[in-house]
Amino acid sequence: MNGKKLEYKGKEAMKEIESLTKNADEVQEGILREILFQNGETEYLKKFMGSKDNKQVSKFKSLIPTVTYEEIQPYILRIANGEDSNLISAHPITEMLCSSGTSGGEPKLMPSIAEDLDRRTFLYNLIMPIMNQYIPGLDEGKAMFLYFVKAEMSTPCGIPARTVLTSYYKSKHFKCRSKDPYNDFTSPDQAILCYDSNQSMYCQLLAGLVYRHQVLRIGAVFASALLRAISFLQRNWQNMCHDIRTGQLNAMITDVSCRSSLSNILSTLNLDSDIDTDEIEEICGRSSWKGIICQLWPKAKYIEAVVTGSMSQYIPALEYYSEGKLPLICTMYASSECYFGVNLKPLNPPDEVSFTLLPNMAYFEFIPLGANGTFLIDLDEEEFVPQSKLVDLVHVRLGYYYELVITTFSGLYRYRIGDVLQVTGFHNKAPQFRFICRRNVVLSIDNDKTNEQDLHRSITLAKKLLEPHQALLVEYTSYADASSLPGHYVLYWEIVHSHSIIDKDVNVEAQVLEECCIAIEEQLDYIYRRCRTNDKSVGPLEIRLVKPGTFEALMDLLISQGGSINQYKTPRCIMSNESAFELLNSTVKASYFSPREPSWSA
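The present account deals with the structure reproduced in this document. Nothing here was measured: the structure is a model prediction, and the numbers come from that model.

## Brief notes about the packing of helix α10 (residues 197-210) against helix α11 (residues 223-246)
Between α10 and α11, the least distance of the axes is 9 Å, while the angle of their chain directions is 65°. Here α11 runs roughly perpendicular to α10, going by the angle between their axes. Crossing hand, α10 versus α11: right-handed. In this structure, α10 contributes N198, M201, Y202, L205, L206, L209 and V210 to the contact, and α11 contributes R228, A229, F232, L233, N236, N239, M240, D243 and I244. A class-by-class count of the residues in the contact of α10 with α11 yields eleven nonpolar, three polar and two charged.

## Here we look at the pattern of salt bridges
Following the criterion strictly, the structure yields 29 salt bridges and no others. Notably, a salt bridge pairs D454 with R457, separated by 3.1 Å at the nearest N-O pair. Taken together, the residues D454 and R457, both in helix α16 (residues 452-462) and three residues apart, mark about one turn of the helix. In this structure R457 comes out as partly exposed when scored by relative accessible area, which is 34%. The shortest N-O distance in the salt bridge between R544 and D481 comes to 3.8 Å. You can see R544 sitting in strand β21 (residues 542-546) and its partner D481 sitting in strand β19 (residues 471-481), a full 63 residues away along the chain. Just as R544 is buried, D481 falls in that class too.

## Structural notes on empty space enclosed by the protein
A water-sized probe rolled over the atoms picks out the places where empty space is left. Scanning all chains against the criterion turns up six cavities of 30 Å³ or more. Looking at the second largest cavity, its volume works out to about 120 Å³. Lining the second largest cavity are D116, R119, R120, S335, S336, E337, C338, Y339, M361, T408, F409 and S410. It is helix α6 (residues 114-132) that contributes the most residues to the lining of the second largest cavity, three residues altogether.

## As for the nonpolar core
Among the nonpolar cores identified, the biggest contains 165 residues, and W297, F364, F366 and L404 are the most heavily contacted of them. The leading source of residues in this core is α11, at twelve residues. Membership of the second largest hydrophobic core comes to 27 residues, among which are L473, Y476, C516 and C573.

## Let's talk about the packing of aromatic side chains
Under the definition given, this model contains 22 aromatic pairs. Centroid distance Y44 to Y75: 5.1 Å. Interplanar angle 80°. Geometry classified as edge-to-face. Linking Y44 in helix α3 (residues 43-49) with Y75 in helix α5 (residues 69-80), this pair joins segments that are 31 residues apart in sequence. In terms of burial, Y44 and Y75 fall into one category: buried. Relative to Y321, the ring of Y320 lies with its centre 5.4 Å away and its plane at 80°, an arrangement referred to as edge-to-face.

## Structural notes on the side chain of N451
Structurally, N451 is set in strand β18 (residues 450-451). In terms of polar contacts, N451 uses its side chain to reach the backbone amide nitrogen of Q453, at 3.0 Å.

## Thoughts on helix α18 (residues 526-535)
Note: α-helices contain 3.6 residues per turn, so residues at a spacing of three or four share the same orientation. Three or more residues of α18 are buried, namely Y528, R529, C531, R532 and T533. Considered in projection along α18, the buried side chains sweep an arc of 170° and stay on one side of the axis. Looking at the packing, one finds that the buried side of α18 touches β20 (488-497) and α17 (510-523). Phi turns positive, to about 60°, at K536, one or two residues after α18.

## Topic: the sheet that holds β19
Pairing is mixed across the open sheet formed by four strands, whose spatial order is β19-β20-β21-β22. The sheet is open, and its two edges are formed by β19 and β22 (588-593), each paired on a single side. Mean inter-strand twist for the sheet, computed between neighbouring axes without regard to direction, equals 25°. As defined by bridge partners, β21 adjoins β22 across five bridges and the pair is classed as antiparallel. Within the sheet, the bridge partner assigned to V546 lies in β22 and is V588. In the packing of α16 onto the sheet, contacts are made with β19 and β20, and the angle to β19 comes to roughly 140°.

## Side note on the sheet that holds strand β2 (residues 109-112)
Read from one edge to the other, the open sheet built from four strands follows the order β2-β1-β5-β4, with strand pairing classed as mixed. In this open sheet, the two edge strands, each paired with only one partner strand, are β2 and β4 (153-154). Two elements, strand β1 (residues 95-98) and strand β5 (residues 160-163), share three bridges in a ladder whose sense is parallel. Paired with C98 across the bridge in β5 is T163. Along the sheet, α5 makes contact with β1 and β2, crossing β2 at roughly 60°.

## Concerning unusual backbone geometry
Its identity as a non-glycine residue notwithstanding, R414 has a phi of 50°, on the positive side. Locating R414 in the fold gives a position in the loop between β14 (401-407) and β15 (415-427). Residue N428 is not a glycine yet carries a positive backbone phi of 55°. By secondary structure assignment, the location of N428 is in the loop between β15 and β16 (430-438). Looking at N428, the relative accessible area reads 36%, which means it is partly exposed.

The rules behind each value
Residues numbered from 1 in each chain as written. Predicted model: local features only at pLDDT ≥ 70, side-chain atom pairs only at ≥ 80, totals over all residues. Heavy atoms only, no water. Axes fitted to C-alpha atoms, helices over the stretch in contact; angles between N-to-C directions. Helix = DSSP H or I, 4+ residues; strand = E, 2+ residues; numbered from the N terminus. Parallel < 35°, antiparallel > 145°, perpendicular 65-115°, else oblique. Left-handed = near helix turned anticlockwise from the far one by under 90°. Contact = heavy atoms within 4.5 Å. Nonpolar A, V, L, I, M, F, W, Y, C, P; charged D, E, K, R; others polar. Salt bridge = Lys/Arg side-chain N within 4 Å of Asp/Glu carboxyl O. Buried < 20%, exposed > 50% of the residue type's maximum accessible area, 1.4 Å probe, protein only. 1 Å grid on protein atoms, 1.4 Å probe; cavity = no way out; pocket = protein on both sides within 12 Å on 5 of 7 lines; lining within 4 Å. Points joined across faces, edges and corners; volume = space filled by probe spheres on them. Core = buried A, V, L, I, M, F, W, Y, C linked by side-chain atoms within 4.5 Å. Phe/Tyr/Trp six-rings, centres within 6.5 Å; stacked < 30°, edge-to-face > 60°. Polar contact = N/O pair within 3.5 Å; in protein donor to acceptor, adjacent residues only side chain to side chain. Arc of directions from axis to C-beta. Pairing = 2+ DSSP bridges.

Listed below in structure tokens is the structure:
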């Protein structure tokens, strides 16, 4: 495709965004009418709406309840076991998409139809036209994006069960995509599609080094995966340099497709190589890896990864490796259930990122949670939500907090996603949202309920106490320990030396860690502090210090249990995973408790 056609394609994409957002109310109404027209005769909708006039929008809004996964799961499992897709969708369920399963418990199976891939591809195709408005020349080099697939399963009746990203990378939409200089990846498709994540990582990083002077963009789906790649590179750069110098791929790469594709790249270099292997070795051999991304890929213009929500924990590490020279960009907002929207101002800093929901992706509704200046979660996931409480897309209010509810063509009706969003503005009629947290990730001992946002905010403030001691908190998780009375919050912290992030231990005095404990408690909410200080129903918060590398081992464990390297997010609250508890506790070096009660007044 030539430059003029690509430019035209980009302009058409931006016009499409403008059209959709200017007519967001009409588009949304049309989406719901089409869903009801197609799926009105399904068992699920007929159960609530009856057989007569069961395609009316007004009837849907007055009769269909909001549901959580537990309420729709029986229908999904019936289809997985061989019953007809018409239980929930007029279209055949072509695959079940596995959620990451690391935020709130076990992976969930989400029904998906063939048209869903078209919708995801539509959203992907908007990313570069948006980016081109802000950063020119992205068609003059390559993108080093580290993408991974996860081995597939199948349901008892043979429906494929896989992650949403594996679904996309294995689809014709990805594998048969037209040549496009705006999406010229360093990684061969064969390396992306390799099920062995270590071999895939090795080959993708090796290709990234080979093409290092052509790389304009660096990224992964989540920030955690990109940091994992840097850790992997530190352990393997010497072997990779040997491969480049000799033109022979390391024997550890046994996957036939990976070996063939990388060998072809290396053999071409062997004939006409401009790769300065000595320079790579000199850069990687330095005592500090501060700025390593900019040094190895000097033409890179930005880093693309999810760094919002719980992923914001990784911003300091990414800024360390890039010396703060590269913008951290989140391009889109999506989940296994549905792709939602895009970031129309990608150069905004991570704490100002907002996503514009595209009204053609699904039918969106919202459960109000609070007003300007207050964040009030007054509904549990299990609590009944009156239909009259729901707000549609174009009637949300600036500054207010909401829980996202979706209705899709694939059979999710008024499904509670569990994401808490805040309205930050509007693009035409379409609202823009800041992702706040997942509602269902909480610590609770008594009447206290600590959500992910409050936990992260408290830790972010408390960890500043480490800075004077050249110590850096690189990762954490938590759980509510009710094994003794009173129960208490436990935080697992991995701390390393701030001038050498990778696996270098650091000693911090006990008094400093104890002050971190009480600093966290002081930032938790009124109810928690009341339970601690007045009711005595919650015990002192505990920090368990773990050895460097513990959270990488935790990631390996959870991926081995069915998680996806693409979708992996460190669980901010460990629920009931015994093997995860065992791993974390086996690496604990020391424990520290709050030395006093937090402040509280009636």
